[in-house]
Each structure stands twice: as C-alpha cells, then as structure tokens.
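One letter stands for each residue in the lines below.
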Amino acid sequence: MAKLVLVDGSSYLYRAFHALPDLRTSKGEPTGALRGVLSMLRRLVIDDKPDYFAVVFDAPGKTFRDGWYAEYKANRAAMPDDLALQIAPLHELVRAHGWPLLMVDGVEADDVIGTLARAASEAGIATLISTSDKDLAQLVRPGVTLMNTMTNERLDHDGVVAKFGVRPDQVLDLLTLTGDAVDNIPGVPKVGPKTAAKWLAQYGSLDEVVAHAAAIPGVVGQNLRDTLAWLPEGKRLLTVRCDCDLPSMPTDLRVVAPEADRLRALYERFEFKMWLQDIARGDRDPSLAGAAGAASAGTVPVTDPVASPPVPPPRVEYETVLDEAALSRWLHKIGRAELVSVDTSTSTSDPLTAEIVGISLALEPATGCYIPFGHRYAGAPTQLGTSQVLDALTPWLADPLRPKLGQNLKYAQHALANHGIDLRGCAHDTEIESYVIESHKPHDLEGLARRHLDLPTIGYDAVTGKGVHRIPFDQVALDRATEYAAENADVALRVHRTMMPQIDADPKLQRIYAAIEMPVRDVLFKMERAGVLIDSDILAAQSRDLGARVSALEQEAHQLAGTPFNLGSPKQLCEILFDRMQLPIRRKTPTGQPSTDEDVLQELAASYPLPNVLLEWRALAKLKSTYTDKLPAMVNARTGRLHTTFSQTTAVTGRLASTEPNLQNIPVRTADGRRIREAFVAPPAHTLISADYSQVELRIMAHLSEDPALVKAFEEGDDIHRVTAADVFDVPKADVTADQRRTIKAVNFGLIYGMSAFGLAAQLGIERRAAAEFIERYFARYPGVAVYMARTRELARAQGYVETVFGRRLFLPDIRAASGPRRAGSERAAINAPMQGTAADLVKLAMIAVQDYLERERLATRLILQVHDELVLESPDAEVARIERDLPDLMTSVAELRVPLKVDVGRGPNWERAH
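Enquirer: What am I meant to see in the confidence of the model for the protein here?
Expert: Low-pLDDT portions of the prediction should not be read for the details of their coordinates. Looking at the protein, pLDDT values average 88 and 95% of them are 70 or higher. Every residue in residues 283–287 is under pLDDT 50, and counting partners more than four places away or in other chains gives 25 contacts.

In structure tokens, the structure reads:
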C-alpha cells in the first residue's frame, strides 16, 4: 500500500520547545524548537519513506469548538514569547524543505489529520500519524497507526489496548469519562483512566455505562450520575472530526524538490552550521530528504541524520583559570548558582588512587571553565597550586545545600576523597538519568551528546592519544585540556536539561531516579570506599592446589588424546576432537569451524571422557587465573583491602555489575568456587553477615501473576518446590520424591526465564514431549502464570518494553525482529525482565534502607558487598546480634507484595561461612 505520513506539527512544536535546552543564534534568536522539530521530521521522512506527507499546524484564531463551548482551552497559559518567535520561521523552513504544510482556518490540526486519515483509508492508502496527543488514538484502525517520534512508540490496535486498556473504538468514550484537562473539557469527577477502562470493559461503551449508571456504587457512581447531562457535550468536543472541508486531499500531498537557496539562507540565519557544511561539501543534507517527489527532482541519496549533527549553541566560551582573580570570580558564580555541573580531570582512571590535576565547572550552556593545577609538561603555563584551588573550592564542594550535577559523579567523589574532600550535594547524574530513560543504550557522555543534542564532542582519545602512544592527562597542553574538560562539564549540563524533563514528566521514572538510583549511588560510593578484606595466604594456597590439579588434568587429557596438545587452543582442540578422535560435530562457529564451546563439550561429555576432562580443566584454570592468582595483586596498598567498582548503569535489568575485580561471578555451585569465598574474611573482632532474599524471583512471579494457588503457597510458608510438585503430580506433600521436587524446581525457575519445553527437556535429560506435559500440567494447576506470560509477551510486542513492579522500563529492541530466534529470545527476556528487574529494585531499596539504618543508629557496621540478591556486611562483634535481628525487617519492609518477602541471615568469620 502507498503510505501517507501526517505530522501533528503543533504537538511537536511544544514538545521540542520544552524538551530541548535554550539554544540561540549569536544574535539571540531562539532555535531550540526549530532544531527539535526539524530533526524529528528529517528522521521521519528517512525512516518511513512516505509516498505522501504533510505537516499540520493549528491555524491562528478560534475554531468551531470555541463556538460550542466558551470555556474550551480557557485554562491554557499564554504561549512563551521564545516559542511564539519560532512559529513563523518553522513554517518557512518546512516549506523550504519541500514538505507540504497545512493550516486550515477554523479547523484544528487534529480534525485536519482525522479527515485526511479517513480519506486515505477510503483511497486504500495506509496512514501513519506522528503525534504525542493521546486524543488521536481514537483514529487508529486497520491501516491507521500512531507513532511518537520522540519516543519511537508506535500504536496500532494492540498498542492502543496495551497503553490505554481499551480498544481504539473505545478511546473517545474513555476520554469523555476522564475529561481532558489540557483542553479544559471536564469529565466525571474522580474518574481516571483505570476506572474508565474498567467500566468500558464491563459495559462495552459509554452509552451502556450511562444506561447502567444507577448500578455503579460509591462516590464515583454518584459523580457519574451527576455528570450525565454533560457527557454528550464532552464527547462532541473530544470527537476528532473526519469530515472537514480541506484544500488538499491525500494524493495532493507529495514532497517536492527543496528550494536550495532559500534553505541555505535559513540555515545561515539560524546558524545550523553542520547542515550548511553538508550542503557546502556537496553531501546530501538529511533535512532535504523526501519521498518519491523529491527523488524525482534530482536529489541524491540521503545520509543518516545522526551522522550529521547540528552545531552547539554559538559563541562557546571556555576559560582557563590561571590566577586568583579568575578563581575568585568563578567561586562567586558557583556560590550564587542554582545548579553547577562539575567534572574532575585525573592522573589515572582508578577511582581509589586517582589524583586530580584540574576541575571544570559549567553553569549555563556554552560556557564553562577549567581550573588546572597539576599539568606538568615542559613549557606549561604557571598554574594555581593544588592546595590553593582545593582549599578555595572545598566549602562549596562539601556543602550539601549547593546542588551539583555531573557525568558519573561517583568517580569525582572518589577523586576528591583521595584529597580528603567529601563531595556532597550530588543532585543529578547524567549517566544515571540516561540509564533510567533508556537502559538499553550506551550512557557515555559522547554518545549522550550525539543522541540527545545532535552534538559532536571531543573524545578522550583525541586529547591523550591511544594505546602505547597515550599520554597522562597532566601532560595535555592547557588549551586543549580546557577545550576537553570544560566541554565535559558544559555538555553534561546541556544533556541534563534535555533528559531531566523527560524524567520529571513521568512519575514512574521520577521514582526510579529519585527514590532508587540516586540514593543507591551514594551507598555504592561508601561500599567501594570501604572495600573488603581478603586473606592472600589462603588464596595463595588455593592457587598452588589448583595449579597442581590443572597440571594433572592436562596430563590426563594428553593421555586420552594420545598426544600432547594445548588445551587452551581452539584450533588444536578441533584437530584432536574432530579430526583425530572423530567425535561428532554438534555445531559450527560463524567461520564454519566446529565449535568447542562449553555447551558443545557438555553434550559430548555425556558419551566421551576427554570433553569432561576439558570442562573440568577450563573451570579450574579460570578460577586460578581470575581469582586466586589475580585478587591478591589487586589489594590496595594504602588500605590493605580489595576495592571493586559497582556499576549501576550496565545491566539493562537494573542489576548492579561489579568490575575490577568482578566479585559477582565467583562460582557458588562448585566446592572450588565456594572455597574462594573463604578468603573474604572479617578483620579481628569483626564478623561477616550475609542477608539473602529467599526465592525472590519466584515470589515476584506470584505477585505479578496473582495466581491464587501460587500466592497461597508462599503465604503458608511451605517449601514452594515441594508444594508445587504435590499440586502438579497430584500427591500429598509428604509423598513428593526428590526427583519430583527436582523436576518442579527446574520448571519453577525455568519459567522465570521463559524456558521452552525444548530447554526443559535438555536440562532434565528427558524427552521433549514429557517436558511439554510437565509444563502443561503446571499451567493447568497455576493458570495465572500462563495468563501473565501471554499478557506480558503481548504487552512487550505492543510497546517495545516491559516494566518492573516499581515502574522501571526494560526495553526489548528485538521483540519485533524479523529473525525468529532473536524474537523468541526477546520474548523469553520479556517474561524474565520484570522479575529480575523487580528483584534488582528490591535489593537497591534494601541497600538504601540498611545504609540509612546504620547511619541513623550510628553503628560501625558497614555494607561491603552486594551480589545478586545478597548483601554482605562487616560488623563489630558487639553489633552482630543487633544487626542479625534487624536486617530481615529492614529488607522485607522496603516493599509490599502480594506474597511475603523472606530474608535468610547468616554469620561467620568469612563469606563462605556466613552464606
């Protein structure tokens, strides 16, 4: 089908104006809304390649609705002057691009769009409506889809159902019941979308809701009855008309060739320098992209709009602070500022040893400073002294009432702490803001600048070099260092101004950011600073033992193969297993070579001895190289302890990650892996305490699915696997065998990860048909689980993400992938992500609650590790009994689920004994 794309220009004009920073030309003309709307339009014509296209704006003056209802839109504030100044230039830019623009006197943009969409449907043309206005969801039907270009959300029939809880043909009825505060159209008092959707699900339509008004109980029922006389008028006001007289029909709306000279003049006027450069180079400017009409006019192929970023705000002014007068001036500025972006430049990247060589600050976009005091290269200008700068800044840095923001402020906290300065007032972190909004995308500052500002930035490699040619930052010339460091602070401020409104506009994201991620950031800083004590002698002994066993396994492998070979060489392993020994080839690598990965060796180990030896050799060699050899060498010389870095922006599910070293992947299912935990010890007169949520993801499954039988099993506090086995196998609990419990445990945990019958069969070593029967029997006993899984898959496909209990969004980029395996993998992730993500949120809330408790009670006990669902604390012996007593209540009271949370607490002289 041919495609018509209709853009609700009025909607996007407001969205872009409020979402983007205050961008201006050198003459002071505002350009933020211009740049935002043009970027959206450019992406739209490139990605969707419309046959017909139009940007629709509200015409000035009153419409027919004003005649119907005098209070229509009466509560709207006056348009900001800076926005009003951009309307006429935007119209001119749209026309200069060759894009049809429609404004119809007396008719709102929504009604123009509705009329064109109906006409297109009647002509057999598919319609995509680009808008952020929920009212237009009433237009969705086969062949008519909505999309929000700013969020990439697309709504077809199923998408509308997932988002609003009603069908597209019920959206108008829902809006009539709830009213529209933006347009000052009243609904039924105290009736929100959930109540309205519930009524419509029960009765089917507004007319039927009205007919049954007398039967609806409570205050809302009375409110409905009191509002009955108004509802027809409200519905008339909210109805998008599809029968307006228009000057154009869909087939008239072809993109035409751009007016190049006019466009160039407009680019020059508004200082869209990067787009101008594209034209000057002869490249295809993405803003000139169009459909067939433009192509036929002799234009050349389009380029990726992301690759052609616009210029930053003009007159970027970065100052190098080299004297007391300049320092005093900046101290005065930051002392009066509401929010300051701060960044530290350091000698190394290790948080616990990094020394600061300069500090950068920014208060407003396109301005900033760099205060160097540690650059030591030949010919370096005279700089202020380290103590002089830090002493002057410390009162502001340590003031909790002076809000700061930055990119990865936790690192700056460590760097300043290395100099004895406690950075307080950390109000915002752009890395965390990005993670809350779009956890599935990169969160580095360079990427954020390109994604949210269309702004190229100077990379670290550009100023320090790469690899063996890299120089320390203190050797970078001051002019170049200022350009890089001040830009970091400046760009972080600009990115914050772009992203934070998105968080503020969504209560769920606001909660994740303000109540979970930012508070837990402070806890992680304290944990990283504390570190953990290890016994290097224990690890050395384990290394010797592992080394001997690895050597013995090498000899055994050589004997089984009949010849010496390098067990760590995939090439030699292939030759031994598949050429010399003629073992069956299970899978091949992308290059066509037989695979020797762990799954293949596991399959072969069931029938052949050598693969089993290889698996054991790999496991022991990894333990030795990754932990027993490496960990003692990573002990901090100053503290005598091991300090990991916890990343809260790595795992898309919300889980924390641990790096340098990774302490979350120490194997716990093998005796050798557990032995490594024995080397994590408590100092003298202290004890390690482990607090672990019990079966937390299964409990979350019960909460999300609301399955009565599953909820009851947890409420009664039974062994969930035994109870489930008794239900599924229809035997008394006392008669459940070990094999039955093991089978159901695999099903319980397998379902959490979206496991199929094929996967369960492989795990249990049974036939696929038998595995399928187990799952069918399970769902028959717990139908709520099956309903939850089906509902979650549908919701994920409709909106592209799922949510945790707390509202964290977990995006699934492959949920609509053409590739069957990728799509199936994403569907499995959709089942698991809400449970794993909710568990991650619970653990973070527990960390915050425990840290608050320790500080409030002024206890010396410290949180030192977080691994999966477990917290590890280091406690003075005098506090152990109290901590053991209070931890379960602290951790189970952070949230109220439909089933009780349970925490297991243990203690010991080392981590293994405590766990």
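Structure shown, so let's carry the discussion forward.
Enquirer: What exactly am I supposed to notice about empty space enclosed by the protein here?
Expert: Rolled over the atoms, a probe sized like a water molecule indicates the empty space that remains. In this structure the tally under the stated criterion is 3 cavities of 30 Å³ or more. Here the largest cavity is characterised by a volume of approximately 80 Å³. Arg-65, Tyr-72, Glu-108, Asp-110, Asp-111, Asp-135, Asp-183, Leu-237, Leu-238, Thr-239 and Val-240 together form the lining of the largest cavity. Going through the elements one at a time, helix 5 (109–122) and helix 11 (231–238) are the ones with two or more residues in the lining of the largest cavity.

Enquirer: Any chance you could explain the sheet that holds strand 4 (residues 126–130) here in plain terms?
Expert: The pairing of strands in a sheet comes from backbone hydrogen bonds and takes either a parallel or an antiparallel form. Strand order in the open sheet formed by 6 strands is 3-2-1-4-5-6, with mixed pairing between adjacent strands. In this open sheet, the two strands that pair with only one neighbour each are strand 3 (101–102) and strand 6 (153–155).

Enquirer: How should I be thinking about the sheet that holds strand 18 (residues 862–867) in this particular structure?
Expert: Spatially, 4 strands are ordered 18-19-15-20 in an open sheet, and the strand pairing comes out antiparallel. The open sheet is flanked by strand 18 and strand 20 (903–908), the only strands paired with a single partner. Between one strand and the next, the sheet's axes are offset by a mean angle of 20 degrees, whatever the strand orientation. Inspection of the sheet shows strand 18 paired to strand 19 (residues 870–876) by 5 bridges, in the antiparallel sense. Bridging from a neighbouring strand, Gln-866 pairs with Leu-871 of strand 19.

Enquirer: In this structure, what is going on with the pairing of strand 4? I would like to understand it.
Expert: Two faces make up the sheet, and in a regular strand the side chains alternate between them. Of all 5 residues making up strand 4, 5 are buried, and the element is well covered by its neighbours. Across 5 bridges, strand 1 (residues 3–8) lies against strand 4 in parallel orientation. In the strand pairing of strand 4, Leu-6 is matched with Ile-129. Both strand 4 and strand 5 (residues 144–148) contribute to a ladder of 4 bridges, which runs parallel. Paired with Ser-130 across the strands is Met-147, a residue of strand 5.

Enquirer: What is the right way to read helix 26 (residues 609–628) from this model?
Expert: Two residues of an α-helix separated by three or four positions point the same way, owing to the 3.6 residues in each turn. Helix length check: helix 26, at 20 residues, gives a terminal C-alpha distance of 27 Å against a target of 28 Å (1.5 Å per residue), a fit within 8%. Every buried residue of helix 26 is accounted for by Leu-610, Pro-611, Val-613, Leu-614, Leu-615, Trp-617, Leu-620, Leu-623, Tyr-627 and Thr-628. Contact partners of the buried residues in helix 26: helix 23 (536–561), helix 24 (570–580), helix 25 (598–605), helix 27 (630–633) and helix 28 (671–677).

Enquirer: Looking at this structure, I do not really get the nonpolar core. What am I missing?
Expert: Note that soluble globular proteins tend to have their nonpolar side chains buried in a common cluster. With 140 residues, the main nonpolar core has Phe-680, Tyr-693, Met-847, Val-850, Leu-865, Leu-871 and Met-891 as its most contacted residues. Ranked by the residues each element gives to this core, the list is headed by helix 36 (residues 820–856), at 13 residues. Contact partners of Leu-871, with chain neighbours within four places excluded, come to Ile-689, Ser-690, Ala-691, Val-843, Ala-846, Met-847, Val-850, Leu-863, Leu-865, Gln-866 and Met-891. If you look at the next biggest cluster of nonpolar residues, it comprises 54 residues, including Ala-54, Ile-125, Leu-139 and Leu-175.

Enquirer: What is the right way to look at helix 25 in this model?
Expert: Val-600, Leu-601 and Leu-604 are the residues of helix 25 that are buried. One side of helix 25 carries all its buried residues, which in axial view fall inside an arc of 95 degrees. Within helix 25, the exposed residues directed more than 90 degrees away from the buried face are Glu-598 and Asp-599. Packed against the buried residues of helix 25 are helix 24 and helix 26. The opening residue of helix 25, the one whose side-chain oxygen lies 3.3 Å from the backbone nitrogen of Asp-599, is Asp-597.

Enquirer: Where do I start with the environment of Glu-487 in this structure?
Expert: Locating Glu-487 in the fold gives a position in helix 21 (residues 478–504). For Glu-487 and Ala-702, which are 215 residues apart along the polypeptide, the C-alpha to C-alpha distance reads 49 Å. The residues touching Glu-487, leaving out its near neighbours within four places in the chain, are Tyr-318, Pro-456, Thr-457, Ile-458 and Thr-482. A distance of 2.8 Å separates the side chain of Glu-487 from the backbone nitrogen of Ile-458, its partner in a polar contact.

Enquirer: Just checking my understanding: could you explain the environment of Thr-482 for this structure?
Expert: With respect to the helices, strands and loops of the structure, Thr-482 is situated in helix 21. For Thr-482, a relative accessible area of 2% corresponds to the buried category. When the C-alpha positions of Thr-482 and Ser-756 are compared, they lie 56 Å apart, and in sequence the two are 274 residues distant. Sequence-distant contacts of Thr-482, that is, excluding residues within four places in its chain, are made with Tyr-318, Glu-319, Thr-320, Tyr-370 and Glu-487.

Enquirer: Whenever I open this one, the packing of aromatic side chains confuses me. Can you help?
Expert: Given two aromatic rings, one states the distance between the centres and the angle between the planes to describe the pair. Here the structure, examined in full by the defined rule, presents 13 aromatic pairs. When the centroid spacing of 5.1 Å and the interplanar angle of 55 degrees are considered together, the rings of Phe-64 and Trp-68 count as tilted. Note that Phe-64 and Trp-68 are positioned in helix 3 (residues 64–68) at a spacing of 4 residues, about one turn of the helix. Ring geometry for Tyr-267 versus Phe-272: centroids 6.0 Å apart, planes at 65 degrees, classification edge-to-face. The two residues Tyr-267 and Phe-272 agree in class, both being buried. Each residue in the set Tyr-370, Tyr-460, Phe-473 and Tyr-484 is aromatic and connected to the rest through ring pairs, giving one cluster. Across from the ring centre of Trp-68, 4.0 Å away, lies the NZ or CZ of Arg-236, which sits over that ring. One cation-aromatic arrangement involves Arg-781 over Tyr-782; the distance from NZ or CZ to the ring centre is 5.7 Å.

Enquirer: Got a minute to help me understand the pattern of salt bridges in this structure?
Expert: Side chains that carry opposite charge are capable of pairing whenever their charged atoms lie near each other. Under the defined criterion, the tally for this structure stands at 53 salt bridges. Glu-697 serves as the salt-bridge partner of Arg-655, at 3.0 Å between the closest nitrogen and oxygen. Here Arg-655, found in the loop between strand 13 (645–647) and strand 14 (657–659), pairs with Glu-697, found in helix 29 (residues 696–705); they are 42 residues apart in sequence, far enough to count as distant. Take Arg-655 and Glu-697: they sit in the same class, and that class is buried.

Enquirer: What is the right way to read the side chain of Gln-664 from this model?
Expert: Within the fold, Gln-664 resides in the loop between strand 14 and helix 28. In this structure Gln-664 comes out as buried when scored by relative accessible area, which is 9%. Reaching out from Gln-664, the side chain makes a polar contact with the backbone oxygen of Gln-866 at a distance of 2.9 Å. Sequence-distant contacts of Gln-664, defined by excluding residues within four places in its chain, comprise Phe-646, Leu-656, Ala-657, Ser-658, Gln-866, Val-867 and His-868.

Enquirer: What's the story with the environment of Pro-783 in this structure? I'm lost.
Expert: On the secondary structure map, Pro-783 appears in helix 35 (residues 783–799). You can call Pro-783 partly exposed: its relative accessible area is 43%. Sequence separation between Pro-783 and Leu-493 is 290 residues, and the spatial gap between their C-alpha atoms is 50 Å.

Enquirer: Please clarify how the pairing of strand 18 should be interpreted in this entry.
Expert: Extensive coverage of strand 18 is indicated by the burial of 5 of its 6 residues. Hairpin geometry of strand 18 and strand 19 is characterised by an intervening segment of 2 residues between the two adjacent antiparallel strands and by a positive phi of about 55 degrees at His-868.

Enquirer: Is there a simple way to explain unusual backbone geometry in this structure?
Expert: Comment: phi is negative for the bulk of residues other than glycine, and the bulk of peptide bonds are trans. The omega torsion of the bond from Glu-660 to Pro-661 falls at 0 degrees, within 30 degrees of zero and hence cis. For Pro-661, the position within the fold is in the loop between strand 14 and helix 28. At Ala-366, a residue that is not glycine, the phi angle is positive and equals roughly 75 degrees. Along the chain, Ala-366 falls in the loop between strand 9 (356–362) and strand 10 (367–372). A positive phi angle, near 45 degrees, is found at Gln-695, a position not held by glycine. Along the polypeptide, Gln-695 turns up in the loop between strand 15 (686–693) and helix 29.

Enquirer: Quick question: what am I supposed to make of the packing of helix 36 against helix 37 (residues 880–892) here?
Expert: Think of two packed helices as two axes; the pair is described by the angle between the axes and how far apart they sit. Interhelical geometry of helix 36 versus helix 37 gives an angle of 140 degrees and a closest axis separation of 10 Å. Accordingly, the angle class assigned to the pair helix 36 and helix 37 is oblique. In terms of crossing hand, the pair formed by helix 36 and helix 37 is right-handed. On helix 37, the residues touching Ala-846, Ala-849, Val-850, Tyr-853 and Leu-854 of helix 36 are Arg-882, Ile-883, Asp-886, Leu-887, Leu-890 and Met-891. The residue inventory of the contact of helix 36 with helix 37, partitioned by class, reads 9 nonpolar, no polar and 2 charged.

Enquirer: Can you help me understand the packing of helix 29 against helix 36 in this one?
Expert: At a closest axis distance of 9 Å, the pairing of helix 29 and helix 36 adopts a crossing angle of 115 degrees. Crossing angle aside, the handedness with which helix 29 passes helix 36 is right-handed. Here Val-696, Glu-697, Ile-700, Met-701 and Leu-704 of helix 29 come into contact with helix 36, specifically with Asn-832, Pro-834, Met-835, Gln-836, Thr-838, Ala-839 and Leu-842.

Cut-offs and rules
- Note on numbering: residues in each chain are counted from 1, in written sequence order.
- At least 70 in pLDDT is required for a residue's local features to be given in this predicted model, at least 80 for side-chain atom pairs to be given and counted, and no such filter applies to totals for whole chains, interfaces and linings, which use all residues.
- Excluding hydrogens and water, the side-chain values take into account all heavy atoms of the structure.
- You can read pLDDT as the predictor saying how much it trusts each residue, on a scale of 0 to 100.
- Every residue pair with non-hydrogen atoms within 4.5 Å of one another is taken to be in contact.
- Definitions used for this entry: grid spacing 1 Å over protein atoms alone; cavity, a set of points where a 1.4 Å probe fits but cannot get out; pocket, an open set with protein on both sides within 12 Å along at least 5 of 7 lines; lining residue, one with an atom within 4 Å of a point.
- Grid points are joined across faces, edges and corners, and a volume is the space filled by probe spheres set on the points.
- Helix and strand assignments come from DSSP, with helices taken as H or I runs of at least 4 residues and strands as E runs of at least 2, each series counted from the N terminus.
- The pairing criterion for strands is at least two bridges between them, as found by DSSP.
- Working convention: axes come from line fits to C-alpha atoms, limited for helices to the stretch in contact. Angles between N-to-C directions cover 0 to 180 degrees.
- Think of it in three bands: with a 1.4 Å probe and only protein chains considered, a residue is buried below 20% of the maximum accessible area for its type, exposed above 50%, and partly exposed in between.
- Between the first and last residue of a helix there are one fewer steps than residues, each counted as 1.5 Å, and that sum is the expected span.
- Think of a nonpolar core as a cluster: buried Ala, Val, Leu, Ile, Met, Phe, Trp, Tyr and Cys residues, connected wherever their side-chain atoms sit within 4.5 Å.
- Within this analysis, the arc is defined by the directions that extend from the helix axis to the C-beta atoms.
- Any pair of N or O atoms that falls within 3.5 Å is considered a polar contact. Within protein, one atom must be able to donate a hydrogen and the other to accept it, and sequence-neighbouring residues count only if both atoms are side-chain atoms.
- When the centres of two rings from Phe, Tyr and Trp lie within 6.5 Å, Trp using its six-membered ring, the rings pair. Their planes under 30 degrees apart give stacked, over 60 give edge-to-face, and anything left gives tilted.
- Distance and angle both matter: a charge sits over a ring if NZ of Lys or CZ of Arg is within 6 Å of the ring centre and within 35 degrees of the ring normal.
- Salt bridge, as used here: a side-chain nitrogen of Lys or Arg that lies within 4 Å of a carboxyl oxygen of Asp or Glu.
- Put simply, angles under 35 degrees are roughly parallel, angles over 145 are roughly antiparallel, angles from 65 to 115 are roughly perpendicular, and the rest are oblique.
- Two helices cross in a left-handed way if the nearer one is turned anticlockwise from the farther one by less than a right angle. They cross in a right-handed way if the turn is clockwise.
- Each residue gets one of three labels, nonpolar for Ala, Val, Leu, Ile, Met, Phe, Trp, Tyr, Cys and Pro, charged for Asp, Glu, Lys and Arg, and polar for the others, Gly among them.

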